[in-house]
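Chain by chain, the residues:
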Amino acid sequence: MYKNVLTLLTFIVCTASIHAAKLLREPYLQSATPNSIVIVWRTTGMSKPMVKFGTELSDLNSTVTDTILTRVSHDVAAEASIPRLYQETRSDLKENKAYLKDPKTYNSVADTEAPPQTYQFEATLYNLKPNRRYYYAVYDDQEKLAGEDSSYFFKTLPEFDSDLPQRLLVIGDSGRGKPEQYRTYESMLKFVEDSGRPLDMYIHVGDMAYSHGTDKQFQEYFFEPYARTLRNTTCWPVMGNHEGHTARGLDGIGPYYDAYVLPTKGQSGGLASGTEAYYSYKVGKIHFICLDSHDLDRNPNGSMARWLKADLEAAQADWLIAIWHHPAYTKGSHDSDKEQDLTEMRSFIMPIIDEGGVDLVLTGHSHIYERSMLVDGAYATPTVAEGVILDDGDGRTDGDGAYKKSKGLHAHEGTVQVVAGHGGGGTLKRVGTMPIMREIILEFGSVIIDIDGDTLNGKMINEHGQISDHFSIIKRGKVSSKPVVKPWQPKALEKE
Amino acid sequence: MNLFFRISLLIASTSLTLQAHPAPTERIESLSKQLATSAVHTYALIDRGYEYLSIYRYREALSDFQLASALEPQQLESLLGECKAHLAMNESTAVIQKLQMALLKPTLEASCKNSMLVLLSLAYEKEQSWQKVLAITKSLVVQNNVNIDTLLRHSLALHKCQKHSERRDFLIQARVLHSSVLLDHDYIDTLIDLQQWDEALPLVEAKCTASRWKSSWWIRRAQIYFGLHQDAAAKQDLSKSLEELLARLNQNNLRYDLWIERALTLDMLDRRDEAKHILTWLIEQDVPTHQLDPILSRLKAT
């Protein structure tokens, strides 16, 4: 009798699983523009994907079924024209550090690739109104998979000439599933809620899926922990070295590139890069540039640097923010005076950044929070402070005063460098003292950046919800910049 | 493989993984301890080789990769590592020899062969053997899913080999398949190379209007104006270019491309001595010769 019931139950479960797709990855937002957005989600098993959306939660009166790209895991028996999710090849294994560490126990599907029978849906919603909140839900035919509650919404970008205030969340080196990662995230959420000002975008500066950026690690350490934010806030990522263990920037393949749908054609406001490895986007009068510092040619004549120069030359904005993984200046768990990836970002890329008039550089990789003074022209190895610090104050309106730059975009008026590799994924460490830094903090946390008109305010929120650092940049009038003679210096470590 | 070594390597890797991603020096230290206390293992050598590469210790990297190749000659990862180390030390002849041999193997997987071909083209590029670079990029671009880097290298090789018409036709096709502003820029430059002034002018005009920094576009427009015998308009653009470049360059500036633009502008304005002065300074700064090509070839011609 017991056996018969079990058989019947198994039959019912199997039949149900044949007919109903199961949500495998919650919906998340990509490639926002003022008039469009991409919603991505995954199911196990075949589905008839549909998105319903509308400006009122109670009335999702628009439906999208025809502009949904479907990609499937390679085991799915589907037409050859349907794009596949990443399948590891023999030659990929030669560059896969997980495989190199232990080739005999390595299992591509378990370790790197999407689970069997995975369907990934990428729905592009067009003809939207700028700066408008829409609620949405994703469906398998008539069955709702997710959404239709007040947390499932997206907001289109404001028009490119709008100067509406923007709030950015910056997290780096987070994805290991450790308690520190969750505490950092929860404390940030509480800070945002208490402040009454929601996030407008989520920037991840890389190392979001330790240790090898596999599909499973993306799911467990990135998509699941941050689902509450990802469902209503567009995420703009750059690739870290750990994602780079299983992904290749040159060809744009691997779990990292499966996870993201990034603007390659300049549709979000920058110039077309032709690759998801580096791209730009514009939110109102803020222009963002995202680079791959891990596995592409960093040479000034390489494609990425050439594109960067072109993008900066064309950029029309009030603010310029550059984002990549390997910091040009750090003495945290990594040393930018000794490691090639970091040194090259400083000597090859920073001259373009400084000359392009960039205001803020956001990076990770080094497990520490470091925030610089106002710096220009620091390309020497080892990095020295003499001759490169334009303002050696603390950058605080309640202290030495905000860092001041001229209105508009001007070459060589200084950048503030923020190393945010303290997102909870690694052990905090400081190997020395980077002389251009104003704040060096060994705490887990995230960074909130608020930009309103001519003022940028940055805050480091630690894992306990306290503000451990804050700074401001004000761009007003005409400011003449000269390097400070004998600039302020951070306190050295005792052993130095 | 030595079981003890595998277990100890696994333990070491696990402890490092839990700790964080270690700095290259720490990882080298850990791998060296493992290699010293147990049987030499190919993957540990390769791993250490890449860590050495990342901190500019190319000879040690090469030595590790060579040892790994000797232990497992069929292991292509160590061969690629060897080539990367050689390339970093500007030893392109060694790269060419190794890859030519390896490419003769009949059982090579297509994607692996492509990685080798890309490395080989880089080695030929270092030797300024542009015909050979072109032969390789040609074989790569006919394949599907070619990346933007290969397309741009092919465009560059066509330019270096003075195949301007072929380059124009290639770029027309490539721009349909791939959106990239760099392909667009190459296309404009090809039209200028082909002296198709009327086709190039509206494209350059649009860039002059849209760009925040305009010097490179003013220089291009001046070339077109000279071609159309509108010398006054050309000189006006060049003067504007000089003025803008002055505002962008400062004593700390390592943007050699901007100094090259400045030298080019001065030369086009017949201020050759000033152009040569900048060129001499750029050569003293060890700027690679191929970067100086635009100004060198112009000075040679005049």
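These numbers were taken from a predicted model, which means no experiment stands behind them. (Residues numbered from 1 in each chain as written. Chains lettered and ligands numbered in written order. Predicted model: local features only at pLDDT ≥ 70, side-chain atom pairs only at ≥ 80, totals over all residues. Heavy atoms only, no water.)

Asker: Looking at this structure, how should I read the side chain of Ser 446 of chain A?
Answerer: Along the polypeptide, Ser 446 of chain A turns up in strand E23 (residues 445-452). Sequence-distant contacts of Ser 446 of chain A, that is, excluding residues within four places in its chain, are made with Leu 169, Val 170, Ile 171, Thr 184, Met 188, His 422, Lys 459, Met 460 and Ile 461 of chain A. (Helix = DSSP H or I, 4+ residues; strand = E, 2+ residues; numbered from the N terminus. Contact = heavy atoms within 4.5 Å.)

Asker: What's the story with the packing of helix H13 (residues 215-227) of chain B against helix H14 (residues 231-248) of chain B in this structure? I'm lost.
Answerer: The packing of two helices is summarised by the inter-axis angle and the distance between the axes. Residues and elements named next belong to chain B. Running from N to C, H13 and H14 point in directions that differ by 165°, and their axes come no closer than 8 Å. Between H13 and H14, the angle falls in the class roughly antiparallel. In this structure, H13 meets H14 at a crossing whose hand is left-handed. Across from Ser 215, Trp 218, Ile 219, Arg 221, Ala 222, Tyr 225 and Phe 226 in H13, the residues of H14 making contact are Asp 231, Ala 233, Ala 234, Lys 235, Asp 237, Leu 238, Lys 240, Ser 241, Glu 244, Leu 245 and Arg 248. When grouped by side-chain class, the residues that make up the contact of H13 with H14 number 9 nonpolar, 2 polar and 7 charged. (Axes fitted to C-alpha atoms, helices over the stretch in contact; angles between N-to-C directions. Parallel < 35°, antiparallel > 145°, perpendicular 65-115°, else oblique. Left-handed = near helix turned anticlockwise from the far one by under 90°. Nonpolar A, V, L, I, M, F, W, Y, C, P; charged D, E, K, R; others polar.)

Asker: Help me understand the environment of Ser 333 of chain A, please; the structure alone is not making it clear to me.
Answerer: Residue and element names in this part refer to chain A. Locating Ser 333 in the fold gives a position in the loop between strand E15 (319-323) and helix H10 (340-356). Through-space distance from the C-alpha of Ser 333 to that of His 367 is 5.3 Å; in sequence the pair is 34 residues apart. For Ser 333, the side chain forms a polar contact with the main-chain nitrogen of His 367, separated by 2.8 Å. (Polar contact = N/O pair within 3.5 Å; in protein donor to acceptor, adjacent residues only side chain to side chain.)

Asker: Just to check I follow, could you spell out unusual backbone geometry for this structure?
Answerer: As a rule of thumb, non-glycine residues mostly have phi less than zero, and peptide bonds are mostly trans rather than cis. Residue Ser 211 of chain A is bonded to the preceding Tyr 210 of chain A through a cis peptide linkage, with omega at -10°. For Ser 211 of chain A, the location among the structural elements is in the loop between strand E11 (201-204) and helix H6 (215-223). Of the consecutive residues Thr 381 of chain A and Pro 382 of chain A, the connecting peptide bond is found in the cis state with omega at -5°. Relative to the helices and strands, Pro 382 of chain A is located in the loop between strand E18 (374-375) and strand E19 (389-391). Of note, the phi angle at Gln 162 of chain B is positive, near 60°, even though the residue is not glycine.

Asker: Which parts of the structure should I look at to understand the sheet that holds strand E6 (residues 118-125) of chain A?
Answerer: One key point about sheets: their strands pair by backbone hydrogen bonds, in either a parallel or an antiparallel sense. All names here are of chain A. If you walk across this open sheet you meet the 4 strands as E1-E2-E6-E5, and the pairing is antiparallel. The open sheet has two edge strands with one neighbour each: strand E1 (22-30) and strand E5 (68-72). Averaged over all neighbouring strand pairs, the angle between strand axes comes to 15°, with direction disregarded. As judged from the 6 bridges shared by E1 and strand E2 (residues 37-44), these two strands associate in the antiparallel manner. Counterpart to Tyr 28 in the pairing with E2 is Val 40. Against the sheet, H6 contacts E1 and E2, and its axis sits at roughly 70° relative to E1. (Pairing = 2+ DSSP bridges.)

Asker: Sorry, what's going on with the domain arrangement of chain A here?
Answerer: Interface extent is often summarised as the accessible area lost during association of the parts. All names here are of chain A. Partitioning chain A into domains gives domain 1 (3-153) and domain 2 (160-475). Each of domain 1 and domain 2 was reduced to a C-alpha centroid, and the two centroids are 28 Å apart. Taken together, the contact pairs 37 residues of domain 1 with 31 residues of domain 2. Buried area between domain 1 and domain 2, summed over both chains or domains, comes out near 2700 Å², and the portion from carbon and sulfur atoms is 49%. Three residues, Arg 25, Gln 30 and Tyr 86, lead the burial of domain 1 against domain 2; their summed loss comes to 21% of the area buried on that side. The interface formed by domain 1 and domain 2 holds 4 salt bridges in total. Put simply, Glu 26 and Arg 231 hold a salt bridge, and the shortest N to O gap is 3.2 Å. Linking domain 1 with domain 2 are 19 residue pairs in polar contact (both at pLDDT 80 or more). Mapped onto the side of domain 1 that touches domain 2, the elements with two or more residues apiece are E1, E2, helix H3 (97-101), helix H4 (108-111) and E6. (Domains from an automatic or database assignment. Buried area = accessible area lost by both parts, 1.4 Å probe. Salt bridge = Lys/Arg side-chain N within 4 Å of Asp/Glu carboxyl O.)

Asker: Looking at this model, I keep getting lost on the layout of surface pockets. Mind explaining?
Answerer: If a probe as big as a water molecule is rolled over the atoms, it shows which places are left empty. Residues and elements named next belong to chain A. Considering only enclosed or pocket space, the second largest pocket measures out at about 650 Å³ in volume. Taken together, 29 residues line the second largest pocket, and the ones lying closest to its centre are Phe 153, Pro 198, Leu 199, Asn 232 and Thr 233. Of all the elements in the fold, those that place two or more residues in the lining of the second largest pocket are strand E9 (153-155), helix H5 (179-195) and helix H7 (227-230). The leading source of residues in the lining of the second largest pocket is H5, at 4 residues. Split by residue class, the lining of the second largest pocket holds 14 nonpolar, 9 polar and 6 charged. Residues from two domains meet in the lining of the second largest pocket; each of domain 1 (3-153) and domain 2 (160-475) gives at least three. (1 Å grid on protein atoms, 1.4 Å probe; cavity = no way out; pocket = protein on both sides within 12 Å on 5 of 7 lines; lining within 4 Å. Points joined across faces, edges and corners; volume = space filled by probe spheres on them.)

Asker: Where do I start with the packing of aromatic side chains in this structure?
Answerer: The description of two aromatic rings rests on the distance between their centres and on the angle between their planes. Within the structure shown, the criterion is met by 28 aromatic pairs over all chains. Through pairs of rings, three or more aromatic residues link up here, namely Tyr 28, Tyr 185, Tyr 202, Phe 218, Phe 222, Phe 223, Tyr 226, Tyr 256, Tyr 257 and Tyr 260 of chain A. The cationic tip of Arg 175 of chain B hangs over the ring face of Tyr 187 of chain B; the distance from NZ or CZ to the ring centre is 4.3 Å. (Phe/Tyr/Trp six-rings, centres within 6.5 Å; stacked < 30°, edge-to-face > 60°. Lys NZ or Arg CZ within 6 Å of the ring centre and 35° of its normal.)

Asker: It is not clear to me how the pairing of strand E17 (residues 369-372) of chain A should be interpreted in this structure. Could you clarify?
Answerer: For a regular strand, the rule is simple: side chains alternate between the two faces of the sheet. Residues and elements named next belong to chain A. The alternating pattern of E17 places Tyr 369 and Arg 371 on one face and Glu 370 and Ser 372 on the opposite face, and all of these are buried. Sheet analysis places E17 next to strand E21 (residues 416-420), joined by 3 bridges and oriented antiparallel. Across the sheet, residue Tyr 369 finds its bridge partner in E21, namely Ala 420. As paired strands, E17 and strand E22 (residues 437-441) are joined by 4 bridges and run antiparallel to one another. From the neighbouring strand, Tyr 369 faces E22, where its bridge partner is Ile 441. (Buried < 20%, exposed > 50% of the residue type's maximum accessible area, 1.4 Å probe, protein only.)

Asker: Even after reading the chapter, I still don't get the pattern of salt bridges, so can you show me in this structure?
Answerer: Pairing between side chains becomes possible if they bear opposite charge and their charged atoms approach one another. Going through the model one piece at a time under the given rule, you end up with 54 salt bridges over all chains. One salt bridge in this structure joins Asp 341 of chain A and Arg 298 of chain A, with 3.0 Å as the shortest N-O distance. Here the residue Asp 341 of chain A occupies a position in helix H10, and Arg 298 of chain A occupies one in the loop between strand E14 (286-290) and helix H9 (303-314), the gap between them amounting to 43 residues. The partner of Lys 138 of chain B in a salt bridge is Glu 166 of chain B, with the nearest N and O atoms 3.4 Å apart. Note that Lys 138 of chain B is positioned in helix H8 (residues 130-141) and Glu 166 of chain B in helix H10 (residues 164-177), a separation of 28 residues in sequence. Residue Lys 138 of chain B is classed as partly exposed on the basis of its relative accessible area, which comes to 39%. Here the salt bridges share partners, and the residues they tie into one network are Lys 309, Glu 313 and Glu 355 of chain A together with Glu 244, Arg 248, Arg 255 and Asp 257 of chain B.

Asker: What exactly am I supposed to notice about the sheet that holds strand E25 (residues 467-475) of chain A here?
Answerer: Residues and elements named next belong to chain A. The sheet built from 7 strands is open, its strands ordered E12-E11-E10-E23-E24-E25-E20 with mixed pairing. With one partner strand each, in any of the chains shown, strand E12 (235-237) and strand E20 (403-405) form the two edges of the open sheet. For this sheet, the mean angle separating the axes of adjacent strands, direction not counted, is 20°. Pairing of strand E24 (residues 455-462) with E25 involves 7 bridges; the strand directions are antiparallel. Each residue of the ladder has a partner; that of Gly 458, found in E25, is Phe 471. The strands touched by H5 within the sheet are strand E10 (166-171), E23, E24 and E25, with E23 carrying the most contacts at an inclination of about 30°.

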